[in-house]
Amino acid sequence: MTHPTIGLYGLGTMGAALSLNMADNGIQVHVANRTASAVLRFMEGAGPLAEKIVGHQNLEGLISALPQPRLLVAMIPSTAPMDSFLDDVIPQLAPGDTVIDAGNADFHSTRRRSERLAQHDLHFVGLGVSGGEEGARNGPSMMMGGSEASWSGLKQILTRIAATHEGDPCVDRCGPDGAGHFVKTVHNGIEYADMQMIAEVYDLLRFGAGRDVREVSGILKSWNEGRLESYLMEISGEVLSYADAPTNLPFIDLIMDRAGQKGTGRWTVIEAVKLGQSATMIEAAVAARAWSAEKPLRGMAEETFGADRADLDLDVGLLERAMLAARVLEYAQGFRILAAASEEYAWNLDPKRIAEIWRAGCIIRARLLDDIAGAFADGPPEGQLFLAPRFGGVLMEGIPALREVVTRAGQAGYATPVLSAALTFWDVMRQGRGTASLIQAQRDFFGRHGFERTDQEGDFHGPWWT
Ligand code: 6PG
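As the structure is a computational prediction, the values presented were derived from the model and not from experiment.

Draft legend 1. Molecular detail of the overall build of the chain. If you tally the helices and strands in the chain, you get 19 helices and 10 strands. By the compact-globule yardstick of 23 Å for 466 residues, the chain fits well, its C-alpha radius of gyration being 25 Å. Out of the 466 residues belonging to the chain, those deemed buried represent 51%. Relative to all contacts within the chain whose residues are 6 or more apart in sequence, the contacts with residues 24 or more apart total 69%. Each charge class in the chain was averaged separately, 42 positive and 59 negative side chains, and the resulting centres sit 1 Å apart.

Rendered as structure tokens:
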């Protein structure tokens, strides 16, 4: 029996981990790197798995060793280096071959590259890979975008190396060209919102309710045993349990409060807006990271205005219910962007399957995703998760809790950008009649933009123009 064979170029952290994962799962792997010394180092570090991996001195050697149609993974930055890589490989490949970008790419670049390769009868796959280094090595969640032909070759490899949820591999073809990278981008947007929401609750518990950091760690860990179970909840409980060895201070207190971001959260917000959508919880999380980076300015404002905050005795159960409702709304916003993009780009994304492949291996894996997949299987009204009957109870119970948390936090001076955005989203969406009548009147007043009436068909202007 011949082993499925794949080539991988780029032995950085993720490339190396994916290569080992593939070799471990009976896949014949050929590897190369921009610097040949990295191949040697990688082969030395591969231990017994090195027998199942063929290292090549250069890209040419790697490409000529692969059987056709070739599958070639590029684990290099998805920006300009990917385009230079394509310049190099296109002349060396044969019709039917596939190049796979397994990094976090802007899906517009993926669509452009797909078109470029199609002109040479080649396939380009945008593969969203989630789970960090550990996931890449032992089972990531993967969101594939590309042709059916590429999927038929890749499927047997990716299903072997993916994380599984009750035996179901967490990988699938989401759609053509940029669909996989888009789904991964929205995954990261949800990741940003969930991380920020946990950070807000940590702030309320520790500095509002005056809980010791180890106690907060214990609360997050206990929530992780229940309906809020998720990877991000688990690691948050874990990191808060660490102390700095020499000082015994909570380790979290030694970490600078300035968050980095590589851009995927921002892309989610930009694309949502371009699609005429809202992703206010994700937007709030991106904003919170941006503001976090302005540390000197915040320090100055604190000196000027003071940073006083009142004590806030919040019940742990109340916070848990609030968070669960907010998490439903956070996923609901993410899936709304996916639905809008699916329509815009004719991707035919399957939200149920996306929820399923997020159930293990990825950063946003959460118990809730089982219910989300179930809700999409039932077909929620208007395709909207927040209208799904199975979330009715969680929302009816959780929204009053969320309202109390956000209101009391605001009164006491605590910022809750993501939790507040969740409540606002809910309060806007549950009003059959909103505030836009006045917006329309204003637009008409200053610009003669016209408006629809509630009582007659047509385009109208206000009496201010008569
Ligand atoms: C994942 C992560 C991964 C990475 C992000 C973090 O799904 O495995 O999302 O892709 O950690 O790039 O992004 P920021 O640096 O923007 O936080």
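From this point, the discussion proceeds with the structure in view.
Draft legend 2. Inspection of the site of the ligand at higher detail. What surrounds the ligand is a group of 14 residues, the closest being Ser130, Glu191, Tyr192, Lys262 and Arg289. Contact distances for the ligand include 2.9 Å between an oxygen atom and a backbone N or O atom of Gly131. Asn188 is positioned such that a nitrogen or oxygen atom in its side chain is 3.1 Å from an oxygen atom of the ligand. Considered on its own, the ligand offers 420 Å² of accessible surface; in the complex 80% of this is hidden by protein. At five residues, the largest contribution of residues to the shell around the ligand is made by helix 8 (residues 179-208).

Draft legend 3. Focus on the pattern of salt bridges. Per the counting criterion, the structure on display carries 30 salt bridges. Between Arg353 and Asp172 there is a salt bridge whose closest N-O contact spans 2.6 Å. With Arg353 in helix 15 (residues 351-357) and Asp172 in strand 10 (residues 171-175), this residue pair connects regions lying 181 residues apart in the sequence. You can call Arg353 buried: its relative accessible area is 16%. Residue Lys352 is joined to Glu356 by a salt bridge in which the shortest nitrogen-to-oxygen separation is 2.8 Å. With Lys352 and Glu356 both in helix 15, this residue pair falls four residues apart, about one helical turn. When its relative accessible area of 12% is taken as the criterion, Glu356 is described as buried. It is possible to trace a salt-bridge network through shared partners that takes in Asp168, Asp172, Lys352, Arg353, Glu356, Arg359 and Asp370.

Draft legend 4. Highlighting the environment of Gly96. Within the element layout of this structure, Gly96 appears in the loop between helix 4 (80-89) and strand 5 (98-101). For Gly96, a relative accessible area of 28% corresponds to the partly exposed category. Taking C-alpha positions, Gly96 is 8.2 Å from Ala149, a pair spaced 53 residues apart along the chain. Discounting chain neighbours no more than four positions away, the residues touching Gly96 are Pro69, Asp121, Leu122 and His123.

Draft legend 5. Just empty space enclosed by the protein, in detail. For the structure on display, the rule yields one cavity of 30 Å³ or more. Taken as a whole, the largest cavity encloses approximately 50 Å³ of empty space. Around the largest cavity, the lining residues are Ile6, Leu18, Met22, Val73, Ala102, Leu127, Met142, Leu158 and Ile161.

Draft legend 6. Structural view of the nonpolar core. Ranked by size, the top nonpolar core spans 92 residues in total, and within it Trp223, Tyr331, Phe335, Trp358 and Ile372 carry the most contacts. The biggest single contributor to this core is helix 14 (residues 316-345), with 16 residues. Looking at which domains feed residues into this core, each of domain 1 (5-177) and domain 2 (185-429) supplies at least three. Among all residues touching Trp358, those that are not within four sequence positions of it are Ser141, Met143, Val183, His187, Ile190, Tyr331, Phe335, Leu338, Ile364, Arg365, Ala366 and Leu369. By size, the runner-up hydrophobic cluster in this structure holds 35 residues, among which are Met22, Ile53, Leu71 and Ala136.

Draft legend 7. Looking closely at the domain arrangement of the chain. We note that the domain assignment places domain 1 (5-177), domain 2 (185-429) and domain 3 (440-465) within the chain. Computed from C-alpha coordinates alone, the two centres of domain 1 and domain 2 are separated by 32 Å. Taken residue by residue, the interface counts 26 residues in domain 1 and 21 residues in domain 2. Summed over both partners, the interface of domain 1 with domain 2 comes to about 1800 Å²; 56% of that surface belongs to carbon and sulfur atoms. Ranking the residues of domain 1 by area buried against domain 2 places Phe107, His165 and Cys174 at the top, with a combined share of 26%. In this assembly, domain 1 and domain 2 are joined by three salt bridges. Among the salt bridges present, the one from Asp168 reaches Arg359, with a minimum N-O distance of 3.5 Å.

Draft legend 8. Inspection of the sheet that holds strand 4 (residues 71-74) at higher detail. The mixed open sheet is built from eight strands, whose spatial order is 3-2-1-4-5-6-7-10. This sheet does not close on itself; its edge strands, each paired only once, are strand 3 (53-55) and strand 10. Sheet twist, expressed as the average angle between the axes of neighbouring strands with direction ignored, equals 25 degrees. Both strand 6 (residues 123-130) and strand 7 (residues 141-145) contribute to a ladder of five bridges, which runs antiparallel. Of the residues in strand 7, the one forming a bridge with Val129 is Met142.

Draft legend 9. View of the pairing of strand 5. With burial as the criterion, each face of strand 5 is covered, one bearing Thr98 and Ile100 and the other bearing Val99 and Asp101. The sheet contact formed by strand 4 and strand 5 spans four bridges and is parallel. Bridge assignment links Leu72 to a residue of strand 5, and that residue is Val99. Taken together, strand 4, helix 4 and strand 5 constitute a β-α-β crossover, and its handedness is right-handed. Across four bridges, strand 5 lies against strand 6 in parallel orientation. Paired with Thr98 across the strands is His123, a residue of strand 6.

Draft legend 10. Quick look at the pairing of strand 7. The element strand 7 is largely enclosed, with a buried count of five among its five residues. Relative to strand 10, strand 7 runs parallel, the two sharing four bridges. Bridging across to strand 10, Gly145 finds its partner in Gly175.

Each value, and the rule that gives it
- Residues numbered from 1 in each chain as written.
- Predicted model: local features only at pLDDT ≥ 70, side-chain atom pairs only at ≥ 80, totals over all residues.
- Heavy atoms only, no water.
- Helix = DSSP H or I, 4+ residues; strand = E, 2+ residues; numbered from the N terminus.
- Rg over C-alpha atoms; globule rule 2.2 N^0.38 Å.
- Buried < 20%, exposed > 50% of the residue type's maximum accessible area, 1.4 Å probe, protein only.
- Contact = heavy atoms within 4.5 Å.
- Lys, Arg positive; Asp, Glu negative; His and termini not counted.
- Charge placed at Lys NZ, Arg CZ, Asp CG, Glu CD.
- Near = heavy atom within 4 Å.
- Polar contact = N/O pair within 3.5 Å; in protein donor to acceptor, adjacent residues only side chain to side chain.
- Areas by Shrake-Rupley, 256 points an atom, 1.4 Å probe, with all protein chains shown as cover.
- Salt bridge = Lys/Arg side-chain N within 4 Å of Asp/Glu carboxyl O.
- 1 Å grid on protein atoms, 1.4 Å probe; cavity = no way out; pocket = protein on both sides within 12 Å on 5 of 7 lines; lining within 4 Å.
- Points joined across faces, edges and corners; volume = space filled by probe spheres on them.
- Core = buried A, V, L, I, M, F, W, Y, C linked by side-chain atoms within 4.5 Å.
- Domains from an automatic or database assignment.
- Buried area = accessible area lost by both parts, 1.4 Å probe.
- Pairing = 2+ DSSP bridges.
- Axes fitted to C-alpha atoms, helices over the stretch in contact; angles between N-to-C directions.
- Right-handed = clockwise from strand over helix to strand, strands pointing away.

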